[in-house]
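# Understanding the architecture of this molecule
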Amino acid sequence: MKFFIDTANLNQIREAMDLGILDGVTTNPSLMAKEGIRGEENVKKHYIDICNIVDGDVSAEVISTDFEGIIREGKILADLHPQIVVKVPMIREGVKAIRHLTQEGIRTNCTLVFSAGQAILAAKAGATYVSPFMGRLDDISTDGVELIAQIVDIYRYYEFDTQVLAASIRHTMHIIQCAEVGADVVTCPLQPILGLLRHPLTDSGLEKFLADHNKK
Ligand code: G3P
């Protein structure tokens, strides 16, 4: 399972890289705005900065919602850096654009996916990744991990190449649940990733080992 970090914060991306487990980055317009990155040129520069920090794929989201606009924006984003994957919303025009961009050799991440039906369409259109938002489903009392499992099963059954990128992850249990059901990728903020490290028995065990070693 690949680990992506879901942020536009360069320090957090560096910290996750430094841990040695980072496979890529996802961003969205809200995450860019949170870092104060505004204006087309600043946004483009920020994506390049992110690509220069990580080795893997970096999802950059279009803000157009019409076919021509998504294609135009997608090509500009894809031209920025070979690591860029164009993030396209799961809407009618988005599905058409994913098919078109795929035929032109541009990799895509179909975002804002909340159902198995949407995931099937994304795969049929040729998306490189599909991003089901598990946390936002949990927020409305719907089982997010069940959707991840359902999509994984369908994709395996039909041998779709599209990778299941579990998004909107809120805590460490989400990461573990995604691993249990075979998600290809999890994208999450830094804290849930660091949360995987912690166990009180590790801390107390290490404390005892070091104390015994230092006994005179
Ligand atoms: O990048 C898409 C997704 O991960 C957003 O997460 O926490 O805003 O639901 P969240």
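In this report, we go over the structure that sits alongside the text. (Residues numbered from 1 in each chain as written. Predicted model: local features only at pLDDT ≥ 70, side-chain atom pairs only at ≥ 80, totals over all residues. Heavy atoms only, no water.)

## Remarks on the packing of helix α3 (residues 40-53) against helix α4 (residues 67-80)
- Where α3 contacts α4, the axes come no closer than 9 Å and their chain directions differ by 40°. Here α3 lies oblique to α4, going by the angle between them. For the crossing formed where α3 meets α4, the hand is right-handed. Between α3 and α4, the residues in contact are Lys44, Tyr47 and Ile48 and Ile76, Leu77 and Leu80, respectively. (Axes fitted to C-alpha atoms, helices over the stretch in contact; angles between N-to-C directions. Helix = DSSP H or I, 4+ residues; strand = E, 2+ residues; numbered from the N terminus. Parallel < 35°, antiparallel > 145°, perpendicular 65-115°, else oblique. Left-handed = near helix turned anticlockwise from the far one by under 90°. Contact = heavy atoms within 4.5 Å.)

## Considering the packing of aromatic side chains
- Within the structure shown, the criterion is met by 5 aromatic pairs.
- Ring centres 4.9 Å apart and planes at 75° place the aromatic pair Tyr157 and Tyr158 in the edge-to-face group.
- A residue is classified by how much of its surface remains accessible, and Tyr158, at 54% relative accessible area, is exposed.
- Ring geometry for Tyr158 and Phe160: centres 6.1 Å apart, planes at 40°, overall tilted. (Phe/Tyr/Trp six-rings, centres within 6.5 Å; stacked < 30°, edge-to-face > 60°. Buried < 20%, exposed > 50% of the residue type's maximum accessible area, 1.4 Å probe, protein only.)

## Re the site of the ligand
- Looking at the ligand, the residues that line it are Asp6, Asn28, Lys87, Phe133, Arg136, Ala167, Ser168 and Arg170.
- Within the contact set of the ligand, an oxygen atom lies 2.5 Å away from a side-chain nitrogen or oxygen of Asp6.
- In this structure, an oxygen atom belonging to the ligand sits 2.7 Å away from a side-chain N or O atom of Ser168.
- If the ligand stood free it would expose 310 Å²; the protein chains cover 82% of that surface.
- In terms of residue class, the shell around the ligand is built from 2 nonpolar, 2 polar and 4 charged. (Near = heavy atom within 4 Å. Polar contact = N/O pair within 3.5 Å; in protein donor to acceptor, adjacent residues only side chain to side chain. Areas by Shrake-Rupley, 256 points an atom, 1.4 Å probe, with all protein chains shown as cover. Nonpolar A, V, L, I, M, F, W, Y, C, P; charged D, E, K, R; others polar.)

## A few points about the pattern of salt bridges
- Inspection of the entire model under this criterion finds 10 salt bridges.
- With its nearest N and O atoms 3.3 Å apart, the salt bridge here joins Glu104 to Lys75. Taken together, the residues span a long stretch of sequence, with Glu104 in the loop between α5 (92-103) and β5 (108-113) and Lys75 in helix α4 at a distance of 29 residues.
- By relative accessible area, Glu104 is classed as partly exposed at 43%. (Salt bridge = Lys/Arg side-chain N within 4 Å of Asp/Glu carboxyl O.)

Keep in mind these values describe shape, not function.
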